[in-house]
Structure formats: structure tokens, C-alpha cells
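Chain by chain, the residues:
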Amino acid sequence: MKKNILYYGSKEIVRFPEIRIAKFHKDFYFGFYCTRFPEQAVRWAVRFTGKGMLNQYEYVPDETYRILSFPEMSEEWLDFIVSCRLGRSHDYDIVEGPMANDTIFNYVQNFADGKISREAFWELAKFRKPTHQISFHTARSLSTLQFVKGYEVYDEE
């Protein structure tokens, strides 16, 4: 099975990932979120203080796990995110797909609240740069991650 490199941005080195229940529901519900884009993980790491840690993991997919993958933003992706953001759990071990970043999330929220139509959502969302996230939702799924290294990163603005 092919190994992939994933990144996680945070305030600290995270050798042993864990799933934490947050105050709000994320795109794919509660989980440990990584990305294949190091620049995106750096943005996550530095968003509060201007500096943070970039953690790198080897990820070896395991086909015996329940995996849901969205190769791109789609109707199914939008409906799944709205459901998760409304607090509805799912039974997938791993979910992968585009991220509803702050701007896209506002569009998702407006759609969920009935403020814009599905068509308006897609019109607004189509000009956004690509994003990626993969979330691990069970303790078992975290075993597919192997910590490689972590290092300090800074906001370049």
C-alpha cells in the first residue's frame, strides 16, 4: 500500500494524534484533521499567534476501514458538510475531501440557513483555490498515521 505524506498545523508537536471533541462541529464532524498541502497546514498552525508547529505524518491507507472520499466539491459533499456542521455524526473511520474554509463555510452556513439557494452556493464557491482535508474519526483509524517530524513555522505576512 502506498504511503502518503500528511501535515497537521498546531501550536505544538503532536507525536500521538487524538480525536478531541471541540466546541463546534467541523466539516466532517469531530476528528483529527490533516492535509496533503503543507501551506494549508502552516496557515492552521500560525492563525492565532503568528507562529506554530508543522507536524508531518506518513499515512498508509487501509481499505478495511470505512472511508468516504470526495474528490471535489459536489452536491454530496455539500450535503455531508451541512449535516456534520449541524451536529449529525456519521460512522466513517476516515473522511477526505475539499475543505470549507472560512469563506466557503460562510456560504455553507448561508445555504444551511436558507439564506442562499444551492445554485447561489455553487456560483460563489467556484472561484476558490483548492483545499484538502482528511479527517480521522476513530481511534483505530489513527493507527494509519506515523509521526515523521515536527518543526516551527511562522506567518510570512
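Residues numbered from 1 in each chain as written. Predicted model: local features only at pLDDT ≥ 70, side-chain atom pairs only at ≥ 80, totals over all residues. Heavy atoms only, no water.

*Asks:* Outline the side chain of Thr144, listing residues and values.
*Replies:* On the secondary structure map, Thr144 appears in the loop between strand E6 (133-136) and strand E7 (145-154). By relative accessible area, which is 7% here, Thr144 ends up buried. At 2.7 Å, the side chain of Thr144 and the backbone oxygen of Ser141 are in polar contact. Those residues within four positions of Thr144 in sequence are excluded, and the remaining contacts are Glu58, Tyr59, Val60, Asp62, Tyr65, Ile94 and Phe136. (Helix = DSSP H or I, 4+ residues; strand = E, 2+ residues; numbered from the N terminus. Buried < 20%, exposed > 50% of the residue type's maximum accessible area, 1.4 Å probe, protein only. Polar contact = N/O pair within 3.5 Å; in protein donor to acceptor, adjacent residues only side chain to side chain. Contact = heavy atoms within 4.5 Å.)

*Asks:* So what's going on with the packing of aromatic side chains? Which residues, and what values?
*Replies:* Overall, the coordinates contain 13 aromatic pairs when judged by the stated rule. In this structure, Arg66 packs its charged tip against the face of Tyr92, placed 4.6 Å from the ring centre. (Phe/Tyr/Trp six-rings, centres within 6.5 Å; stacked < 30°, edge-to-face > 60°. Lys NZ or Arg CZ within 6 Å of the ring centre and 35° of its normal.)

*Asks:* With reference to specific residues and values, describe the nonpolar core.
*Replies:* In this structure, Phe28, Trp77, Ile104, Val108 and Phe121 are the most contacted members of the largest nonpolar core, which totals 20 residues. Put simply, the parts of the chain that give this core at least two residues each are helix H2 (75-85), helix H3 (102-112) and helix H4 (118-125). Counting residues per element, this core draws most heavily on H2, at 6 residues. Counting 13 residues, the second-largest nonpolar core is a separate cluster that includes Leu6, Phe32, Cys34 and Tyr57. (Core = buried A, V, L, I, M, F, W, Y, C linked by side-chain atoms within 4.5 Å.)

*Asks:* Can you lay out the sheet that holds E6 for me, pointing to particular residues and giving the numbers?
*Replies:* Across the sheet, 4 strands lie side by side as E2-E6-E5-E4; this open sheet has mixed pairing. In the strand order of this sheet, the two ends are held by strand E2 (32-34) and strand E4 (67-69), each with one partner. Recorded for the sheet is a direction-independent mean angle of 15° between the axes of neighbouring strands. Bridging between E4 and strand E5 (residues 94-97) involves 3 bridges; their strand directions are parallel. Note on E5: the bridge partner recorded for Ile67 is Ile94. (Pairing = 2+ DSSP bridges. Axes fitted to C-alpha atoms, helices over the stretch in contact; angles between N-to-C directions.)

*Asks:* Can you tell me about helix H1 (residues 38-46), naming the residues and giving the values?
*Replies:* Taken as a whole, H1 has its buried residues at Gln40, Ala41, Val42, Trp44, Ala45 and Val46. Against strand E1 (4-10), E2, strand E3 (51-59) and E7 lie the buried residues of H1.

*Asks:* An account of the pattern of salt bridges is requested, with residue identities and associated values reported.
*Replies:* Enumeration over the complete set of coordinates arrives at 7 salt bridges. Among the ionic pairs, Asp79 bridges to Arg118, the shortest N-O distance being 2.9 Å. Taken as a pair, Asp79 in helix H2 and Arg118 in helix H4 lie far apart in primary sequence, 39 residues in all. Judged by its relative accessible area of 25%, Arg118 falls in the partly exposed class. Residue Arg140 pairs with Asp93 through a salt bridge whose shortest N-O separation is 3.3 Å. Pair noted here: Arg140 is in the loop between E6 and E7 and Asp93 is in the loop between H2 and E5, with a separation of 47 residues, a long-range link. What makes Arg140 partly exposed here is its relative accessible area of 43%. (Salt bridge = Lys/Arg side-chain N within 4 Å of Asp/Glu carboxyl O.)

*Asks:* Go over the sheet that holds E1 with me, naming the residues and quoting the values.
*Replies:* Read across the open sheet, the 3 strands follow the order E1-E3-E7; overall the sheet is antiparallel. At either margin of the open sheet sits one strand with a lone partner, and together these are E1 and E7. Here the strands of the sheet are splayed against their neighbours by 25° on average, with no regard to which way each runs.

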